[in-house]
Every structure is written in structure tokens, then in C-alpha cells.
Amino acid sequence: MITRVVILNGPPGIGKDTLADAFASAFSTERRAFKDGLIDLTADLMLVDRDWFRLVCADRDEKETPRDELGGRSPRQALIYVSEKVVKPAFGQDYFGRYAAQRLTPGALHVFSDGGFIKEIQPVIDAVGPENFLLVQLHRDGFSFEGDSRRYIPTSSVQCWAKLEVQDPDSTLAAFIDAIQNWIEKQC
């Protein structure tokens, strides 16, 4: 049983979540995100309901709206604060990667929608082996990492990678499926 991981890497708003959701619903895959543990932890630290916080974090407009419940921070700002000022200084830059690696289902294909830090993905690569890890960079004119702490992960830091130009959802999904099939068949 081979456990495989695909990480989507691209700027905010480019369609990582949409692509991961479409792929997961079409195939038997585990839809994951490094932020999964962060969302629950942030809700607990901010003393807000986890279900409510998950909902506002999943909505693009709500995620950017400052909230009294979060001390005047938007849900996105609250997540960044807890990640960068609380968790990573106390537990290391790779904490969310270690958290994700421990929760991989053996023998499954996992698609992560939010890779953006090399130190975060390294524990996952170590858990499955470099040949069972695929980095998929998404590119589209007009989209950048400006104002975001994430970046494109250097392809030199992984064994297997693909670059996709994001267009319409159907052609992007088709290109994504092709990239995964090529990787599985050829091991890069």
C-alpha cells in the first residue's frame, strides 16, 4: 500500500481549494489542508465556536472581515497570528507539517490545497518518501503572493513536480488529473 501526497502551491485566490474539492469529489482521495489543525487551534485560543470559525474561514469574503469575536482581527488575520506568533515560535516552523504527516491515511492519495512553506512540507515528504510526493504549482496572470507569507516552493527542493497554468475550472482539473496520472505512471 503506497501512501501518496499531492500539494497544491499557488497564490491566494488562484483556485487551490476549488481544484482540490473537484478532484476529491471525482476520485477517492483524502482532501487535506495544513491549516486544518490551525483552524481548530485558533478557534480554541480565541474562545469561539469551532464550527462557526470553520465556516467563516471557508468563505472568501467572510475570511477577510474583521470580527469583534476575534479581537478585531479577520479570521485570516487570526490564523496568521496564531500560526506565526504562537505556534511556530513555540513548536517550530515544521509543526503543521508534522501534524499533517501524523494524520495521513496509509495507502491513500492525499491532496493538500495549501502548501506554501518548504519547512511545512518536509515532514510530509519524509513520511511518504520523495517519490510519493508531488508538488503542483499553479500559475495565472494577475495572481501573486503579495501580502501573503506563503511563496512558491522551489522545485529544486522536491523530486516530483508539475506546473499548471490555471484557466477555466474544467481544463485546469483535466490538466491536474493528467499531471497526477503521469506522476503515478512514471514516478515523475
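Residues numbered from 1 in each chain as written. Predicted model: local features only at pLDDT ≥ 70, side-chain atom pairs only at ≥ 80, totals over all residues. Heavy atoms only, no water.

1. Things to note about the side chain of N132
Okay, step 1: Inspection of the secondary structure puts N132 in the loop between α7 (118–128) and β4 (133–139).
Okay, step 2: Within the structure, N132 has its side chain in polar contact with the backbone oxygen of V128 (distance 2.9 Å).
Okay, step 3: Of note is the side chain of N132, whose polar atom sits 3.4 Å from the side chain of E131. (Helix = DSSP H or I, 4+ residues; strand = E, 2+ residues; numbered from the N terminus. Polar contact = N/O pair within 3.5 Å; in protein donor to acceptor, adjacent residues only side chain to side chain.)

2. Focus on the nonpolar core
Okay, step 1: Core analysis: the largest hydrophobic core is formed by 19 residues, its most contacted members being V6, L8, F23, V136, L138, F176 and I180.
Okay, step 2: Looking at this core, the elements that each hand over two or more residues are β1 (4–9), α1 (16–26), β3 (109–112), β4, β5 (160–165) and α8 (169–186).
Okay, step 3: Looking at which element gives the most residues to this core, the answer is α8, with 5 residues.
Okay, step 4: If we skip the residues at most four places from it in the chain, L138 touches L8, N9, G10, P11, I14, K16, L19, Y152, L164 and V166.
Okay, step 5: Formed by 15 residues, the second largest nonpolar core is a distinct cluster that contains I7, L104, I121 and F133. (Core = buried A, V, L, I, M, F, W, Y, C linked by side-chain atoms within 4.5 Å. Buried < 20%, exposed > 50% of the residue type's maximum accessible area, 1.4 Å probe, protein only. Contact = heavy atoms within 4.5 Å.)

3. What to know about the pairing of β3
Okay, step 1: Every second residue of β3 is oriented toward a common face, with L109 and V111 on one face and H110 and F112 on the other, all of them buried.
Okay, step 2: When strand β2 (residues 30–32) meets β3, the two strands line up parallel, connected through 3 bridges. Within β3, the residue paired with R31 across the bridge is V111. (Pairing = 2+ DSSP bridges.)

4. Thoughts on the packing of aromatic side chains
Okay, step 1: Evaluated as defined, the whole model comprises 8 aromatic pairs.
Okay, step 2: The interplanar angle of 40° and the centroid separation of 5.6 Å between the aromatic rings of F91 and Y95 together place this pair among those described as tilted.
Okay, step 3: Here the aromatic residues F91, Y95, F96 and Y99 are joined through ring pairs into a cluster of three or more.
Okay, step 4: Directly above the aromatic system of F117 lies the positively charged group of K88, at a separation of 4.0 Å from the ring centroid.
Okay, step 5: Over the ring of Y99 we find R103, and its NZ or CZ is 3.5 Å from the ring centre. (Phe/Tyr/Trp six-rings, centres within 6.5 Å; stacked < 30°, edge-to-face > 60°. Lys NZ or Arg CZ within 6 Å of the ring centre and 35° of its normal.)

Structural measurements only, silent on function.
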